[in-house]
Amino acid sequence: MAVSSSHYDVIIIGAGAAGLMCAATAGYRGRKVLVVDHANKPGKKILMSGGGRCNFTNLNSTPANFLSDNPHYCISALKRYTPQDFLELVERHGVEHEEKAPGQLFCQNSAKDILNVLLTECEWAGAEIRMATSVTQVQPTETGYKLQTSSGALSCESLIVACGGLSIPTMGATGFGYELAKQFGLSVLPTRAGLVPFTLHPELKQQLSPLSGISCPVEAHCHNHHFKEPMLVTHRGLSGPSMLQVSSYWQAGDEVHINLLPAQNIQDDLFTLRKHKPQSTIAQYLNQHLSKRFAQAFNE
Ligand SMILES: Cc1cc2nc3c(=O)[nH]c(=O)nc-3n(C[C@H](O)[C@H](O)[C@H](O)COP(=O)(O)OP(=O)(O)OC[C@H]3O[C@@H](n4cnc5c(N)ncnc54)[C@H](O)[C@@H]3O)c2cc1C
C-alpha cells in the first residue's frame with residue numbers, strides 16, 4: 001500500500017524550543033517527522049530569551065526549581081535529560097558560552113546560536129519543518145490523528161502538541177494547546193502569568209523612575225518563597241531575577257516584601273552604630289550600603 005506524502009509517523013505542532021527538541025529526538029529514532037507552525041520563523045521566543053543571549057541551562061537545576069501539581073513528573077524528566085546533557089549538545093556545536101551567576105549559562109554571542117543548534121539537529125535527524133502553516137482542526141482516527149491545516153490535510157500516528165504558553169501573542173503564542181487538551185478530555189487548570197516583571201501603579205512608578213536601569217541585590221519574598229537575587233528597576237516597574245521568580249507565587253492583592261539590604265542585619269548594625277557612633281544618621285548608613293542613586297532616592 002502506498003503511503004501518502006501527507007502522512008507522517010510524528011507531527012509536532014509548534015516550532016519552539018520544545019517542538020524542535022522533540023523533532024530531533026523523534027527523527028534520530030528513525031521516525032518520519034514534520035513540525036508545523038503558524039509563525040513565519042521558528043524559535044522566536046528563543047531569540048528573545050535571556051535578553052537576546054539565552055540563559056540556556058542552569059547546572060544547579062533540581063526538581064525543586066519547578067512548579068507543578070505533580071512534582072514526580074519533573075523528577076523523572078530531569079533524570080532522563082539533565083542540564084549537563086544540554087550543555088554537552090551545545091558544546092558539540094561549538095557554541096561559546098559563559099557562566100553569569102553560579103551554574104547559570106548564557107550564550108557568549110547570541111541566542112541565535114541555540115536556535116541554530118536545534119535547527120541543525122532537526123536537519124541532521126531528517127525532520128521537516130513547515131512554517132506559516134496553521135492547524136485548524138485535529139481529529140483522532142483509528143491509527144492516529146488527522147489534521148486540517150492551512151496547507152491541506154495531514155495525518156500521523158503520533159501527535160505532539162508543543163504550542164507553548166499564552167505569553168507574547170506577537171511571537172505566535174495561542175491557546176491552541178489548551179483547547180486541544182480540552183477537546184481530548186484533559187482537565188486544564190486556570191492559567192496565570194509566571195516569571196514576569198511587575199508593573200507599578202503610576203504614583204510608585206513615578207517615584208521610582210529616577211532609578212530606572214539600576215540593578216541591586218535584594219531578597220524578595222511572597223508567601224514564604226524567598227529569592228536572593230538581583231532586582232532591576234525598569235521604566236515600567238520592577239524586574240530582574242528575584243522579581244521574575246517571586247511573580248510565580250504572587251496573585252493580585254498579595255504582598256511582596258523586598259529587602260534591599262539582604263546582606264546586612266539592619267537591627268544589629270543600627271544598634272552597634274548607636275552604641276559606638278551615636279552621631280551617625282540612617283542616611284549615612286544607607287549611603288554606605290545602597291548604591292548611590294538608591295540611597296539618594298530614599299534619603300530625599
Ligand atoms: C522575554 C523572555 C525571556 C526568556 N528568557 C529565557 C531564558 O533566558 N532561558 C530560558 O530557559 N527560558 C527563557 N524564557 C522562556 C522560554 O523562552 C520559553 O519557556 C520557551 O521558549 C518555550 O518554548 P516552547 O517550545 O514551549 O514554546 P514557544 O517558544 O512559545 O513555541 C510555541 C510555538 O508554537 C507555535 N504555535 C502556537 N499556536 C499554534 C497553532 N495554533 N498552530 C501552529 N503553531 C502554533 C508558536 O508560533 C510557537 O512557535 C524566556 C521567555 C521570555 C518571554
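As the structure is a computational prediction, the values presented were derived from the model and not from experiment.

### Focus on the pairing of strand 7 (residues 135-140)
Phase 1: Relative to strand 8 (residues 145-149), strand 7 runs antiparallel, the two sharing five bridges. The residue of strand 8 that forms the bridge with Pro 140 is Tyr 145.
Phase 2: The turn linking strand 7 back onto strand 8 is made up of four residues.

### Some thoughts on the sheet that holds strand 5 (residues 104-107)
Phase 1: As summarised here, the arrangement of the three strands in space is 3-5-4, forming an open sheet in which the pairing is antiparallel. Only two strands of the sheet have a single neighbouring strand rather than two, namely strand 3 (55-58) and strand 4 (97-99). On average, each strand axis in the sheet is inclined to that of its neighbour by 25°, with strand direction left out of account.
Phase 2: In terms of strand pairing, strand 3 meets strand 5 through three bridges, oriented antiparallel. Considered in strand 5, the bridge of Asn 55 is made with Phe 106.
Phase 3: Seen against the sheet, helix 4 (residues 83-92) touches strand 3, strand 4 and strand 5 and runs at an angle of roughly 140° to strand 3.

### Some remarks on the state of the cysteines
A covalent bond between the sulfur atoms of two cysteines is referred to as a disulfide.
Phase 1: Under the definition given, this model contains zero disulfides.
Phase 2: A disulfide-free cysteine, Cys 74 has its sulfur positioned 16 Å from the sulfur of Cys 22, the nearest such atom.
Phase 3: We note that Cys 122 lacks a disulfide partner, and the nearest cysteine sulfur, in Cys 22, lies 9.5 Å from it.
Phase 4: Relative accessible area serves as the criterion here: at 1%, Cys 122 is assigned to the buried category.

### Side note on the pattern of salt bridges
Opposite charge on two side chains lets them pair, provided their charged atoms get close.
Phase 1: Under the criterion given, the structure shown has three salt bridges.
Phase 2: A salt bridge links Glu 157 to Arg 31; its shortest N-O distance comes to 3.1 Å. One end of the pair, Glu 157, is in strand 9 (residues 152-161); the other, Arg 31, is in the loop between helix 1 (17-28) and strand 2 (33-36), with 126 residues separating them in the sequence.
Phase 3: Classification of Glu 157 as partly exposed rests on a relative accessible area of 43%.
Phase 4: Overall, Arg 31 belongs to the partly exposed group, its relative accessible area being 28%.

### Looking at the layout of surface pockets
Phase 1: If you add up the space inside the second largest pocket, you get close to 420 Å³.
Phase 2: Residue lining of the second largest pocket: 19 residues in total, with Phe 198, Thr 199, Leu 200, Trp 250 and Val 256 positioned closest to the centre.
Phase 3: Looking at the lining of the second largest pocket, the elements that each hand over two or more residues are strand 10 (198-199) and helix 8 (241-247).
Phase 4: Here the lining of the second largest pocket is built from residues that sort into eleven nonpolar, five polar and three charged.

### As for the side chain of Ser 247
Phase 1: Within the secondary structure, Ser 247 is located in helix 8.
Phase 2: A relative accessible area of 3% means that Ser 247 is categorised as buried.
Phase 3: A polar atom in the side chain of Ser 247 sits 2.6 Å from the backbone oxygen of Leu 244.
Phase 4: In this view, Ser 247 contacts Ala 193, Gly 194, Leu 195, Val 196 and Phe 198; residues no more than four positions away in its chain are not counted.

### A look at the sheet that holds strand 14 (residues 257-259)
Phase 1: Read from one edge to the other, the open sheet built from five strands follows the order 10-13-12-11-14, with strand pairing classed as antiparallel. Of all strands in the sheet, those with a lone pairing partner are strand 10 and strand 14, marking the two edges.

Conventions adopted
- Residues numbered from 1 in each chain as written.
- Predicted model: local features only at pLDDT ≥ 70, side-chain atom pairs only at ≥ 80, totals over all residues.
- Heavy atoms only, no water.
- Pairing = 2+ DSSP bridges.
- Helix = DSSP H or I, 4+ residues; strand = E, 2+ residues; numbered from the N terminus.
- Axes fitted to C-alpha atoms, helices over the stretch in contact; angles between N-to-C directions.
- Contact = heavy atoms within 4.5 Å.
- Disulfide = S-S within 2.5 Å.
- Buried < 20%, exposed > 50% of the residue type's maximum accessible area, 1.4 Å probe, protein only.
- Salt bridge = Lys/Arg side-chain N within 4 Å of Asp/Glu carboxyl O.
- 1 Å grid on protein atoms, 1.4 Å probe; cavity = no way out; pocket = protein on both sides within 12 Å on 5 of 7 lines; lining within 4 Å.
- Points joined across faces, edges and corners; volume = space filled by probe spheres on them.
- Nonpolar A, V, L, I, M, F, W, Y, C, P; charged D, E, K, R; others polar.
- Polar contact = N/O pair within 3.5 Å; in protein donor to acceptor, adjacent residues only side chain to side chain.

Treat this as a map of the structure, not an account of what it does.
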